[in-house]
Amino acid sequence: MIKFSKVGKQYPNGTVALKNVSLEIKQGEFVAIIGLSGAGKSTLIRLVNKMIDTTSGELIVNDVAVDENLKGKALRRFRRKIWMVFQSFNLVERTTVLKNVLAAKVADKGFLASFFGYYSKQDHLEALEALNKVGILDKAFIRADQLSGGQMQRVALSRTLAQDPTIILADEPVASLDPVTADMIMTDFKRINENYNITIIANMHHVDVALKFVNRVIGIRGGEIVFDGPSKDVTEEVLKNIYNRELTADDIMFKKVEVV
Amino acid sequence: MSKEKPSFFDRTKIVLRDTLTPYVSKKARTHKTDAFEVVEPYPIGLYVFIVLIIVFILAIDATNVDLIMFFGNLDNMWRIISRLFNPNFGFIGRMWGPLIETIQISIGSTIIGAILAVPVAIFSSSNIVKKSIIYNPVRFIMSLIRTIPVLVYAAMLMFIVGLGAMAGFIALTIFTFTIVAKMLYEIIETVDMLPYEAIESTGANKFQAIRTAIVPQVLGSYLSIVLYNFEINIRSASIIGFVGAGGIGLLLNDRISWRQYEDVGMILLVLFALIILVETLSRYLRKRLT
Amino acid sequence: MDYSQEVLAVYESRPRTLFFKLGLAAIIIFLFLWSVPSVDGPLISQSGLNTVRLMFEGLANPSWDKIFSLKNFHVPYLMYETLMVAFLGTLIGTIIAVPLSFVGSRNITNKYVAFAVSVLVVFIRTMPFFVIGLIFIRVVGPGVFAGVLAIGFTSTGMITKLYTETVEDMDKGILEALDSTGATAIQKLRAGIIPQLSANFASHSLYRFDINVRNAIILGLISAGRLGFDLQAAIGNFRYSDAAAYLYGIIVVVMIIEFASANLRKKLIYGKR
């Protein structure tokens, strides 16, 4: 469970990214965060696995207080269960798909094993199983830079699955994909969320994609939460409030927009 | 009305005016058209030339250039050269040992230098070690070490570890170490940092993140750098013997002192072949790596 | 945990690179072990450590009188002399390289002549400049003059190679354009060829000058120069403070030239601004 209590984030140069955010996300929810660029979506997500620190308020994730006391080994153990999926996939392009997925497990390895890049048979099988779950088992030994964008994102996804996380944080996971692939990836996300009860928090740039797949939507504007509720409650009014303007073509991915 | 050709005097005046005025007035360097105005940069070519002449004269004085003696002894030089081109093939027997030693020195020092360079290169990379307090001094010290030529190190080391291959070995290791570290950190800085952050966000420590995300990206270039250094080291290894630090240079020096230029020619021939061999091999391997 | 059939199948079919990697590692380790023991000689000995200590003492306390005086054979003069040697050597190399590079370029002469020149260049470049130095010592006697000649000879190789690359990259279109306006040969040279080449030529020569400064010092070690020779002599005679003074002189000269040449070359290539 993730609980924000009056969390604020102010950068050293004075910019206030988030103010007074209070939020509770239960295990197994699939949540989308929408809003303008710079409204605070990325900041919010990065607070959860402590890639950024809060400057005020309390944040509790999985019964662990995420504050300045969480560091070193404890922080690394904490992060093992929370995974990030990025817009630019963040794969190591020159190695094979399988090696990329295995990289997920390196944090648990000792010094010698990491140095030689050694993974056990069980590690291999778990990684391959994860690849199978997203349907690209056949690409296991191919170099990562020879895949299409959608396939790369699926590799990134299986990288997170291989470690059985409790929370997945997705930062604009489909923003650089074409609509068909985006649809596939989001379906994967939904399937994972439902089958394995993993909490998924996704920053979404495209409103229609968000609405189509998630059950809960959080709207951020100017660092504050202005909407928090089920996707069916998102009306045009709500969207105007969040984006402070009419929706443009940029905010929509699929050709037909159905709001509500 | 027919145009008369201007007199020689007038033409000279015009040429002089056109060439000399740009030196004194900016207006003479300005070219105007309807659309824009262009100012030629100051013509410093002449000044550069004058400076070069002055330096040239100073240099001749400082280095005791004595052309008379040079041309007087030129026949000596031709004699030596002709003997050089008449290599003594029977000399190979004596060359074998020192030659092997040269190769050994180059291989050993390249490997050790390359290994030692890795941690130093990591500490000189601004994208891994973000604080400039760390990477700037490291880079500076490395470039300081690099200014001293290898042979000077070899000469100095001989007073510490004695005559022989050890001095050359250490000198070459130091040299390889500095160059590989510099080339390596330059490569590391061009690497894509995103996978590194991704792995770090999964809970891996810095070492593991480097190993899984950065090493695969630089491995090919690293090996290429090491091979390139091996090329350089073969040449240097053959030379350090001159000051007594082992390898074939020692033999070379000896043969020259005894004026056995046929033997010298043989050594040079074999060296030539060796270097070409190493260079071709290295070029081939390096193409395969990238 | 049970794994599905396909997963197990893929696992079995994985490429076995382990042997290959082990083999490679074995070769490298073997080469290494073969190379190292041959390098004999005591690494750490009492006298050796002593010398190191004395050297460090010398470094901390160099002969300041030699550093700050302008007398002959003291450090500033030696630095100046080294620079002059390198300058003359580079000049000789450049003067020979200019015509030679044109002869060696495929777009000026035919490819056979160019090839012959390139073989000559490779030959010059593989000769260790030491050997050339020693030969010149036999001709003009030991001292800086031999150094100048040696540096001149060996620089020709690299400078010619760099120059031919530049000449071959030259844009002939400009020459054709000038031709069409009726320019004479000299005018074409001045307006078409020289501007293109001069910046690059100057840059290459500066690069070689940088290298030649180091070589001039090294040649001193075989008495075809002075600074390197003095350094070695000082250490050999246990005058560690003098040696340190010379060493500092070497470091300063090389660093200044490296810095200056890098900046000048950047300005030449990217325009004087």
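Residues numbered from 1 in each chain as written. Chains lettered and ligands numbered in written order. Predicted model: local features only at pLDDT ≥ 70, side-chain atom pairs only at ≥ 80, totals over all residues.

**Details of the overall build of chain A**
For step 1, the next point in the chain: Across its full length, chain A holds 9 helices and 10 strands.
For step 2, the next point in the chain: Whereas a compact globule of 260 residues would reach a radius of gyration of roughly 18 Å, chain A reaches 19 Å, a difference of no more than 12%.
For step 3, the next point in the chain: Scored against the burial criterion, the 260 residues of chain A give a buried share of 46%.
For step 4, the next point in the chain: Put simply, of all contacts in chain A between residues at least 6 apart along the chain, 70% involve residues at least 24 apart. (Helix = DSSP H or I, 4+ residues; strand = E, 2+ residues; numbered from the N terminus. Rg over C-alpha atoms; globule rule 2.2 N^0.38 Å. Buried ≥ 20, exposed ≤ 12 C-beta atoms within 10 Å, placed from the backbone. Contact = placed C-beta atoms within 7 Å.)

**Some points on the overall build of chain C**
For step 1, the next point in the chain: A tally of regular secondary structure across chain C gives 12 helices and 0 strands.
For step 2, the next point in the chain: When the helices and strands of chain C are placed in sequence order, the string is α-α-α-α-α-α-α-α-α-α-α-α.
For step 3, the next point in the chain: The globule rule puts the C-alpha radius of gyration for 273 residues at 19 Å, and the 27 Å found for chain C is more than 25% above it.
For step 4, the next point in the chain: The C-alpha extent of chain C, read off along each of the three principal axes, is 85 × 75 × 40 Å.
For step 5, the next point in the chain: In chain C, which comprises 273 residues, the share counted as buried stands at 38%.

**Considering the interface of chain B and chain C**
For step 1, the next point in the chain: Taken together, the 47 residues of chain B in the interface contact 51 residues of chain C.
For step 2, the next point in the chain: With 7 residues, the top contributor of residues to the side of chain B that touches chain C is helix 7 (residues 150-161) of chain B.
For step 3, the next point in the chain: Broken down by class, the residue content of the side of chain B that touches chain C amounts to 35 nonpolar, 10 polar and 2 charged. (Nonpolar A, V, L, I, M, F, W, Y, C, P; charged D, E, K, R; others polar.)

**Section: the domain arrangement of chain C**
For step 1, the next point in the chain: The assigned domain composition of chain C is domain 1 (5-30) and domain 2 (62-270).
For step 2, the next point in the chain: Here domain 1 of chain C and domain 2 of chain C have C-alpha centroids that lie 50 Å from each other. (Domains from an automatic or database assignment.)

**A short note on the interface of chain A and chain B**
For step 1, the next point in the chain: Taken residue by residue, the interface counts 22 residues in chain A and 17 residues in chain B.
For step 2, the next point in the chain: Counting only elements with at least two residues in the side of chain A that touches chain B, the list comes to helix 2 (72-79), strand 6 (82-85) and helix 4 (111-116) of chain A.
For step 3, the next point in the chain: Top element by residues in the side of chain A that touches chain B is helix 2 of chain A. It accounts for 3 residues.
For step 4, the next point in the chain: Per-class residue counts for the side of chain A that touches chain B are 11 nonpolar, 6 polar and 5 charged.

**Considering the packing of helix 5 (residues 92-123) of chain B against helix 8 (residues 165-188) of chain B**
Residue and element names in this part refer to chain B.
For step 1, the next point in the chain: Contact geometry for helix 5 and helix 8: axes closest at 6 Å, N-to-C directions at 40°. Taken together, the axes of helix 5 and helix 8 lie oblique to each other. Read as a crossing pair, helix 5 and helix 8 show a hand that is right-handed.
For step 2, the next point in the chain: By residue class, the composition of the contact of helix 5 with helix 8 is 17 nonpolar, 8 polar and 1 charged. (Axes fitted to C-alpha atoms, helices over the stretch in contact; angles between N-to-C directions. Parallel < 35°, antiparallel > 145°, perpendicular 65-115°, else oblique. Left-handed = near helix turned anticlockwise from the far one by under 90°.)

**Description of the sheet that holds strand 2 (residues 16-25) of chain A**
All names here are of chain A.
For step 1, the next point in the chain: With antiparallel pairing, the 4 strands of this open sheet are ordered in space as 2-1-4-5. This sheet does not close on itself; its edge strands, each paired only once, are strand 2 and strand 5 (64-65).
For step 2, the next point in the chain: Both strand 1 (residues 2-10) and strand 2 contribute to a ladder of 6 bridges, which runs antiparallel. By the bridge assignment for strand 2, Lys9 is matched with Leu18. (Pairing = 2+ DSSP bridges.)

**Digging into the pairing of strand 10 (residues 224-230) of chain A**
Residues and elements named next belong to chain A.
For step 1, the next point in the chain: Inspection of the sheet shows strand 9 (residues 216-221) paired to strand 10 by 6 bridges, in the antiparallel sense. Considered in strand 10, the bridge of Ile220 is made with Ile225.
For step 2, the next point in the chain: Following strand 9, the chain reverses through 2 residues before pairing antiparallel with strand 10; Gly222 in that reversal takes a positive phi of roughly 55°.

**With respect to helix 12 (residues 240-270) of chain C**
For step 1, the next point in the chain: The end-to-end C-alpha separation of helix 12 of chain C is 45 Å, in line with the 45 Å expected for 31 residues at 1.5 Å each.
For step 2, the next point in the chain: Taken together, the buried positions of helix 12 of chain C are occupied by C:Tyr240, C:Asp242, C:Ala243, C:Ala244, C:Ala245, C:Tyr246, C:Leu247, C:Gly249, C:Ile250, C:Val253, C:Val254 and C:Ile257. (Expected span 1.5 Å × (residues − 1).)

**Digging into the nonpolar core**
For step 1, the next point in the chain: A:Val101, B:Ala154 and B:Ala171 are the most contacted members of the largest nonpolar core, which has 207 residues in total.
For step 2, the next point in the chain: It is helix 8 of chain B that provides the largest number of residues to this core, a total of 16 residues. (Core = buried A, V, L, I, M, F, W, Y, C linked by C-beta atoms within 7 Å.)

**Details of unusual backbone geometry**
For step 1, the next point in the chain: For A:Glu172, which is not glycine, the phi torsion reads 50° and is therefore positive.
For step 2, the next point in the chain: Note that A:Glu172 resides in the loop between strand 7 (167-171) and helix 7 (179-196).
For step 3, the next point in the chain: Phi is positive for B:Arg259, close to 55°, though the residue is something other than glycine.
For step 4, the next point in the chain: Looking at where B:Arg259 falls in the secondary structure, it is placed in the loop between helix 11 (248-257) and helix 12 (261-289).
For step 5, the next point in the chain: Among the residues examined, B:Arg259 registers 12 C-beta atoms within 10 Å and is labelled exposed.

**A short note on the packing of helix 5 of chain B against helix 11 of chain B**
Residues and elements named next belong to chain B.
For step 1, the next point in the chain: The interhelical angle for the contact between helix 5 and helix 11, taken along N-to-C directions, is 135°, at an axis separation of 7 Å. If you check the angle between helix 5 and helix 11, you find them oblique. Facing Met95, Pro98, Leu99 and Thr102 of helix 5, the residues of helix 11 in contact are Ile248, Leu250 and Leu251.
For step 2, the next point in the chain: The residue inventory of the contact of helix 5 with helix 11, partitioned by class, reads 6 nonpolar, 1 polar and no charged.

**Topic: the environment of B:Ile81**
Residue and element names in this part refer to chain B.
For step 1, the next point in the chain: Within the element layout of this structure, Ile81 appears in helix 4 (residues 74-84).
For step 2, the next point in the chain: For Ile81, a count of 13 C-beta atoms within 10 Å corresponds to the partly exposed category.
For step 3, the next point in the chain: Each C-alpha atom, one on Ile81 and one on Tyr261, is 8.2 Å from the other, the two residues being 180 residues apart in sequence.

**With respect to the confidence of the model for chain A**
For step 1, the next point in the chain: Of the residues in chain A, 94% reach a pLDDT of 70 or more, and the chain-wide mean stands at 81.
For step 2, the next point in the chain: Looking at the elements of chain A, mean pLDDT is at its lowest for helix 9 (residues 236-243) of chain A, recorded as 77, and at its highest for strand 8 (residues 199-204) of chain A, recorded as 89. (pLDDT = per-residue confidence, 0-100.)

**Re the sheet that holds strand 8 of chain A**
Residue and element names in this part refer to chain A.
For step 1, the next point in the chain: Strand order in the open sheet made by the 6 strands is 6-7-8-3-9-10, with mixed pairing throughout. Each edge of the sheet is formed by a strand with only one pairing partner; in this case those strands are strand 6 and strand 10. Within this sheet the neighbouring strands show an average axis-to-axis angle of 15°, counted without direction.
For step 2, the next point in the chain: For strand 3 (residues 30-35) and strand 9, the ladder comprises 5 bridges, and the chain directions are parallel.

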